[in-house]
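# Remarks on the overall topology
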Amino acid sequence: MKNIERLVASSEQLKEVYMPVILRLSNAFDKKSLDQLIQNGDVLFVQDEIYGQLQELVKCERPSIKIKEEEYAELIANHLAGKDINEYGVWVYYPWSKRLVHLLDEDEFVEVRTNRNRNKITREEQQVLKSKTIGVVGLSVGQSIALTLAMERICGELRLADFDTAELSNLNRIRTGSHNLGLAKTVIAAREIVEIDPFIKVKLFSDGLHQGNMDDFFTGGGKLDLFVEVCDGIDIKLDSRFKAKELQIPVVMDTNDRGMLDIERFDLENDRGIMHGLLDAFIDDNAIVVTDENRRGILMSILSFDSLSERMKLSMAEIGKTINTWPQLASSVVLGGAITTDIARRILLGEHQQSGRYYVDLDAIFNEEPI
């Protein structure tokens, strides 16, 4: 029983942990720390594929040469230049899974991991994107967006905000396992991101975005380069937009119906009304006070009800009667992650300057005659 209690206590302590430990064995302290982790039984799984990563690295460095299998050993030995392969790169420890993974160090890791981006994203563009910071609020649709942003590596820092924990009904659209039920959505997203790339900086706001932390979210450690707003709360949806407008930060919103995407270039258009001016009638003294009386009107104005898909319109009419809230499908969420990441990259590279509402409507596309 005592052993079980200890395991449960350990599990509870790890609920908020999302940052890996990066160890470089050329550093005596890091080497001692690794030895201690192993001696204490804190490492359950060791994954050492550093040789395969070095094969990929030397291949990336010689794209015009078809390297024979038997040539890799010499090329890798030359690259190591006498260094012990076991101490080359970094060892990354993930406390929540007790995994220890041997990886290339940051520059080489990023070079290999992003190599298949070339030249849809050039090496020079990848360097520009590495300096960018993106904030995401709302981690249902936002989880798919954050993961796609990280996989494509179009930023060096992500700030994630959501106050909610994973529930069983979320698993129709949020990519996570049932073992993560009850865990903060921010932590779930952050862990998956750093398991893909431990060198991306992730900052969490697990009590959600609110007036008390909004300055820190938008400007703490440097101003956001892009704000992705995909939260359900009307109040914070509006307050965060006014903040982004004040700070001249571009905003992108995916609405998860008909592939609807909103772009607001507050960085280029100082006088632009929030939500394309659709909410001007509700603004008083440069703010919107949400009440029980105007909440539905605000929501309908944001969504442009007549433009919603027929199934969404029918669903909206059934909320509080036969269903609890509006529907979200995994296919739409994943599509939103793709669309949002694509336009985010274009905005950050200066390729897209326009504000507006856009649709990637699969119903319309698939109802057309095929080519």
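A brief look at the structure comes next. (Residues numbered from 1 in each chain as written. Predicted model: local features only at pLDDT ≥ 70, side-chain atom pairs only at ≥ 80, totals over all residues. Heavy atoms only, no water.)

### Quick look at the pattern of salt bridges
Any two side chains of opposite charge can pair, so long as their charged atoms come close to each other. Here is the rule we go by: What makes a salt bridge here is a side-chain nitrogen of Lys or Arg within 4 Å of a carboxyl oxygen of Asp or Glu, nothing more. Put simply, DSSP marks the helices as runs of H or I at least four residues long and the strands as runs of E at least two long, and each gets a number from the N terminus on. Each residue's exposure class comes from its accessible area (1.4 Å probe, protein chains only) as a fraction of the maximum for that residue type: buried when under 20%, exposed when over 50%, partly exposed otherwise.
This structure, assessed with the given rule, holds 26 salt bridges. Across the salt bridge formed by Asp361 and Arg258, the nearest N and O atoms sit 2.7 Å from each other. On the criterion of sequence distance, the pair formed by Asp361 in the loop between strand E11 (356-359) and helix H14 (362-367) and Arg258 in the loop between strand E9 (251-254) and strand E10 (260-264) is long-range, its members being 103 residues apart. The exposure class of Asp361 is buried, given its relative accessible area of 12%. For Arg258, a relative accessible area of 26% gives the class partly exposed. The shortest N-O distance in the salt bridge between Arg357 and Asp262 comes to 2.7 Å. You can see Arg357 sitting in strand E11 and its partner Asp262 sitting in strand E10, a full 95 residues away along the chain. Under the relative-accessibility criterion, Asp262 is labelled buried at 0%. Overlapping salt bridges, with partners in common, bring together Glu152, Asp342, Arg345 and Arg346 in one network.

### A short note on the packing of aromatic side chains
As a reminder of what qualifies: When the centres of two rings from Phe, Tyr and Trp lie within 6.5 Å, Trp using its six-membered ring, the rings pair. Their planes under 30 degrees apart give stacked, over 60 give edge-to-face, and anything left gives tilted. Two limits define a charge over a ring: the Lys NZ or Arg CZ must be within 6 Å of the ring centre, and within 35 degrees of the ring normal.
Under the counting rule described, the total for this entry stands at 6 aromatic pairs. Ring plane angle 80° and centroid distance 5.4 Å describe the contact between Phe217 and Phe218, whose orientation is recorded as edge-to-face. For the pair Phe217 and Phe218, one class covers both residues: buried. Among the aromatic side chains, those forming a connected cluster through ring pairs are Phe205, Phe217, Phe218 and Phe227. The cationic tip of Arg99 hangs over the ring face of Phe45; the distance from NZ or CZ to the ring centre is 4.5 Å. Positioned above the aromatic ring of Tyr359, the side-chain terminus of Arg258 is 4.3 Å from the ring centre.

### A closer look at the nonpolar core
As a reminder, the rule being used: We call a set of buried Ala, Val, Leu, Ile, Met, Phe, Trp, Tyr and Cys residues a nonpolar core when their side-chain atoms join them within 4.5 Å. Here, two residues are considered to be in contact whenever any of their heavy atoms come within 4.5 Å of each other.
Ile134, Val136, Leu158, Leu160, Ile193 and Val202 are the most contacted members of the largest nonpolar core, which has 62 residues in total. What Val136 contacts, discounting residues up to four positions off in sequence, is Gly142, Leu149, Leu158, Arg159, Leu160, Ala161, Phe217, Val228 and Val230. Grouped together as the second largest cluster of nonpolar side chains are 33 residues, Phe227, Ile236, Ala244 and Met275 included.

### What to know about the pairing of strand E8 (residues 226-229)
Heads up, the rule is: The pairing criterion for strands is at least two bridges between them, as found by DSSP. Think of it like this: strands point away, you trace from the first strand over the helix to the second, and a clockwise trace means the crossover is right-handed.
Burial of the side chains of E8 extends over both faces: Leu226 and Val228 are buried on one face and Phe227 and Glu229 on the other. With 4 bridges joining them, strand E5 (residues 133-137) and E8 adopt parallel strand pairing. Paired with Val137 across the two strands is Glu229, which belongs to E8. Sheet topology places E8 next to E9; 2 bridges connect them, and they run parallel. What sits directly across from Phe227, in E9, is Val251. Assessed by its sense of winding, the connection that carries the chain from E8 through helix H10 (residues 234-247) to E9 is right-handed.

### Topic: the sheet that holds strand E4 (residues 99-103)
Where we set the bar: Simply put, an axis is a line fit to the C-alpha atoms, just over the touching stretch for a helix, and the angle between two N-to-C directions goes from 0 to 180 degrees.
Taken in spatial order, the 4 strands make up an open sheet running E1-E3-E4-E2, and their pairing is mixed. This sheet does not close on itself; its edge strands, each paired only once, are strand E1 (21-23) and strand E2 (45-48). Averaged over neighbouring strand pairs, the angle between their axes works out to 20° when direction is ignored. Two strands pair when backbone bridges link them, and E2 and E4 are joined in this way by 4 bridges, in the parallel orientation. In the strand pairing of E4, Phe45 is matched with Arg99.

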